[in-house]
Amino acid sequence: MNNEGDIQIDGKRIYLRTLTEKDASEEYCNWLNDPVVNKFLETRKATIEDLKKYINEKRSCENCIFLGIFLRNSNKHIGNIKLEPIDFEKKEATVGILIGDKDCWGKGICTEAIKLLVGYAFKNYNINKIKLGVITENIGAIRCYLNAGFNIEEVKSDIIKHEDKYYDKMTMAITRSRINIKKGIELWNRAKKIIPGGSQLLSKRSEMLLPDQWPSYYKKAKGIEVWDLDGNRFTDMYSMGIGSCILGYADDEVNSAVKKSIDSGSMSTLNCPEEVELAELLLKKHSWARMVRYTRTGGEALTVAVRIARAYSKKDKVAFCGYHGWHDWYLSANLADDKNLDGHLLPGLEPKGVPRALKGTSIPFTYNKIEELEEIIENNKDIGVILVEPIRHHNPENDFLGKVRKIADEINVPLIFDEVTSGWRINVGGAHEKYGVYPDVVVYGKGMSNGFPMAAVVGKEDVMQAAQTSFISSTYWTERIGPTAAIATINKMKEKNVPDHLCRMGQIIGDGWRKLADENELKIEVMDDFLPLITFAFDYEDDLNQAVRTLLTQEMLYRGFLASTSVYVSYSHNEENIEKYFENVNDVFKLIKNSIDKNNVYNLLKGPVAHKGFKRLT
């Protein structure tokens, strides 16, 4: 490349430098005329004059870097390496190398030269990807590129014609690692020594996503961008704070309202008026309900709802479907069978520390299998609560929710809908409104306050009044920030029709996954009944699925994305950043497909496979 001066890149045993006419030597000609050296070359330059012309062409080329390879100890010219063409719009380049001196073969010099040029190009030019196509018989070159960090993307049969014969073509590539994760990993390892499990949330454990590689901690978050402790900036195409930030991180309007509350005093001996304003806002949205109670997290709100429902029905047992948190009443289901909860989001949840006396008080049934609930009711005359997630990944079938409602009415017990995850995403309020089935109590959390702790239990008056017959009370349920954030968040959701945006973006993401999986012949299943939490699963053998999911997270992280097999869509996601996401997903899907075909998925992982479900950290 003509870059106002020649290039020289120094290595341990070799250096690379821009060639001049003086380098057009007889020895150079001999390489190109040696049938062993030139076996896989597309063109050959047989005379010194031809070489001079070729060198000058490359020196003046604006989209080419053409360098000679020289031994440091003797300055001997032993080969050439180039990037050509360089596509500055796509930020990609194609690499090629020739080691002409056969005495230097098999000594790692080819690999060293590739690493030098790749590192130089990534550092000094705005290139994100370097690729190449190589004949599959050229085993030596393939080995060099693999040793230099390139990955095999695909192999196509009979695609390259060389000397009247067709060869298979292997496409290889290396992507610039735009991240250097150090501080987050170090802090996570410190945290595990003083915080059991490392984090307060299982889903935020690094081992659940990318063991020994995950950045773990953030310095700043805005929109859908997250900055880690090392200053790396990532685009969040994964959980958006485990679904808590529907509007996007640090929404200006919500933050402004919260800052005013802080300045006015977030806590007092007296109550804050915002909790009344929020209650009126929630009840206006839920015409079937008359009363509201608050907590600050979804799990505790569900526990409050179960307590109220039990107080109302005066019966102990809970029939439930779905994931409902960490409290004793829920984990007690695994006292009867340690796999009872495996089908309800998280497998492996151990009920240690849960009183054995609670055994049999919480009984699970499977979503869309009404016969299981009917059997529970038949065999347990003391069911006092029915609790259901109205949707997570699949729509209700055969009037499932309506039949659950009918059973609750027949045995005269409260029906609770857990909308901690589903609420506020497909409409401003609960997903149950879409299905026209109304509970006695609905529980909200997560996204209702856009990243600030807040949860609500909304219900019918006769059921909710039972709260006054049981002690349910906590100091920080009366602070001001949560209600303030919820009011601002809900009002913006209504004003901007946020759920419609979430569903549209979710549809685009789901369609994109299908398209790229089909193009790359990758087996996946897209679950798009609940578009705002769009999800797919790899469809291979179970252990391989987990390894491939880990590889996806690893490769997307290197490309600047927090990503896995699901996306909590936010109002800050748009078609432009989704398009950039899919440009990278396409590359990673190619890599994954090839790694599955070549049976080398585990070799590409730079750390352990991610955990699946609950597991003790050591």
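Within each chain, residues carry numbers counting from 1 in the order of the written sequence. Owing to the predicted nature of the model, reporting of local features is limited to residues with pLDDT of at least 70; listing and counting of side-chain atom pairs is limited to 80 or more, with chain, interface and lining totals taken over all residues. Water and hydrogen atoms were dropped before computing side-chain values, which therefore reflect all heavy atoms in the structure.

Q: Looking at this structure, I do not really get the overall build of the chain. What am I missing?
A: Strands are runs of DSSP state E lasting at least 2 residues, helices are runs of H or I lasting at least 4, and numbering of each runs from the N terminus. Broken down by element type, the chain carries 19 helices and 22 strands. Across its three principal axes, the chain shows a C-alpha extent of roughly 100 × 55 × 45 Å. We call a residue buried when its accessible area falls under 20% of the maximum for its residue type, exposed when it is over 50%, and partly exposed in between, using a 1.4 Å probe and counting protein chains only. Split into buried and exposed, the 618 residues of the chain put 55% on the buried side. Two residues qualify as a contact provided that any one of their heavy atoms is within 4.5 Å of a heavy atom in the partner residue. When contacts within the chain are restricted to residue pairs at least 6 apart in sequence, those whose partners lie at least 24 apart make up 70%. Carbon together with sulfur atoms contributes 47% to the accessible area of the chain, which is approximately 28,800 Å² in total. The sign given to each residue is positive for Lys and Arg and negative for Asp and Glu; His and the chain ends receive no count. By convention, the point assigned to a charge is CZ for Arg, NZ for Lys, CD for Glu and CG for Asp. Computing the positive centroid from 84 side-chain charges and the negative centroid from 87, the chain places the two 4 Å apart. In short, Shrake-Rupley with a 1.4 Å probe defines the accessible areas, and a residue's cover is counted only from the protein chains shown.

Q: Please clarify how a negative patch on the surface should be interpreted in this entry.
A: A surface patch of like charges, here negative, comprises Glu371, Glu374, Glu375, Glu378 and Glu410. For Glu378, a relative accessible area of 54% gives the class exposed. Surface patches are drawn from residues lacking salt bridges whose relative accessible area is over 30%; two like charges belong together within 9 Å, two nonpolar side chains (Val, Leu, Ile, Met, Phe, Trp, Tyr) within 5 Å. Take a side-chain nitrogen of Lys or Arg and a carboxyl oxygen of Asp or Glu: if they are within 4 Å of each other, that pair is a salt bridge.

Q: I would appreciate a short explanation of the sheet that holds strand 14 (residues 362–364) in the present structure.
A: Backbone-to-backbone hydrogen bonds join strands into a sheet, with any given pair of strands oriented parallel or antiparallel. The strand order across the open sheet formed by 7 strands is 12-18-17-16-15-13-14, and the pairing between neighbours is mixed. Single-partner strands in this sheet number two, and they are strand 12 (291–295) and strand 14. Across this sheet, the average inter-strand angle for adjacent strands is 20 degrees, counted without regard to direction. Being paired, for any two strands, means DSSP has found at least two bridges between them. Where strand 12 lies against strand 18 (residues 455–459), 5 bridges are found, and the strand directions are antiparallel. In the sheet register, Thr295 faces strand 18, and the bridge partner there is Ala455. Between N-to-C directions, angles span 0 to 180 degrees; the directions come from axes that are lines fitted to C-alpha atoms, helices contributing only their stretch in contact. Together, strand 12 and strand 18 form the strand contacts of helix 7 (residues 274–285), whose direction differs from that of strand 12 by roughly 125 degrees. Sheet contacts for helix 12 (residues 400–411): strand 15 (383–388) and strand 16 (415–418); angle to strand 15, the most-contacted strand, approximately 165 degrees.

Q: Is there a simple way to think about the packing of helix 3 (residues 109–124) against helix 4 (residues 139–147) in this case?
A: When two helices pack together, their arrangement is given by the angle between their axes and by how far apart the axes lie. At a minimum axis distance of 8 Å, the contact between helix 3 and helix 4 shows a crossing angle of 50 degrees. Regarding the angle of helix 3 to helix 4, the classification is oblique. When the axes of helix 3 and helix 4 are compared, the crossing they make is right-handed. On the side of helix 3, the interface is formed by Cys110, Thr111, Ile114 and Lys115, while helix 4 contributes Cys144, Tyr145 and Asn147. Throughout, the term roughly parallel applies to angles under 35 degrees, roughly antiparallel to angles over 145, roughly perpendicular to angles from 65 to 115, and oblique to all others. In this scheme, a crossing is called left-handed if the near helix is turned counterclockwise away from the far one by less than a right angle; it is called right-handed if the turn is clockwise.

Q: When you look at the nonpolar core in this model, what are you seeing that I'm missing?
A: One recurring pattern in soluble globular proteins is that nonpolar side chains are buried together. Judged by nonpolar contacts, the single largest core of 107 residues is most densely connected at Leu282, Ile386, Val388 and Trp513. Core analysis: the second largest hydrophobic core is formed by 41 residues, Ile78, Leu83, Ile99 and Val118 among them. By nonpolar core we mean a set of buried residues, namely Ala, Val, Leu, Ile, Met, Phe, Trp, Tyr and Cys, connected to one another through side-chain atoms within 4.5 Å.

Q: Which parts of the structure should I look at to understand helix 7?
A: The α-helix winds at 3.6 residues per turn, so residues separated by three or four positions along the chain end up facing the same way. Every helix has an expected span of 1.5 Å times one less than the residues it contains. With 12 residues, helix 7 should cover 16 Å at 1.5 Å per step; its first-to-last C-alpha distance of 17 Å lies within 8% of that length. All buried positions along helix 7 are accounted for by Glu274, Leu278, Ala279, Leu281 and Leu282. Projected down its long axis, helix 7 carries its buried residues within an arc of 165 degrees, all on one side. Across helix 7 from its buried face, at more than 90 degrees, point the exposed residues Glu280 and Lys284. Where the residues of helix 7 are buried, they touch strand 12, strand 18 and helix 15 (481–496). This arc describes the spread of directions from the helix axis toward the C-beta atoms.

Q: Where do I start with the packing of aromatic side chains in this structure?
A: Aromatic rings in a pair are described by how distant their centres are and how their planes are angled relative to each other. Only the six-membered ring of Trp is used, alongside the rings of Phe and Tyr, when aromatic pairs are assigned; centres must lie within 6.5 Å, and planes under 30 degrees apart are stacked while those over 60 apart are edge-to-face, with the rest tilted. Evaluation of the coordinates by the stated rule reveals 16 aromatic pairs. Both rings, one in Tyr28 and one in Trp31, keep their centres 5.3 Å apart while their planes meet at 45 degrees; by these two values the pair is tilted. Here Tyr28 and its partner Trp31 are both found in helix 1 (residues 26–33), 3 residues apart, which amounts to about one turn of the helix. Taking the relative accessible area as the measure of exposure, Tyr28 reaches 3% and is therefore buried. Where Phe320 meets Trp329, the ring centres are 6.3 Å apart and the plane angle is 90 degrees; that geometry is what we call edge-to-face. In textbook terms, an aromatic cluster arises when at least three aromatic residues are bridged by ring pairs, as seen for Phe320, Tyr323, Trp329 and Tyr330. To sit over a ring, a charge needs its Lys NZ or Arg CZ within 6 Å of the ring centre and within 35 degrees of the ring normal. If you follow Lys220 out to its NZ or CZ, it ends over the ring of Trp227, 4.7 Å from the centre.

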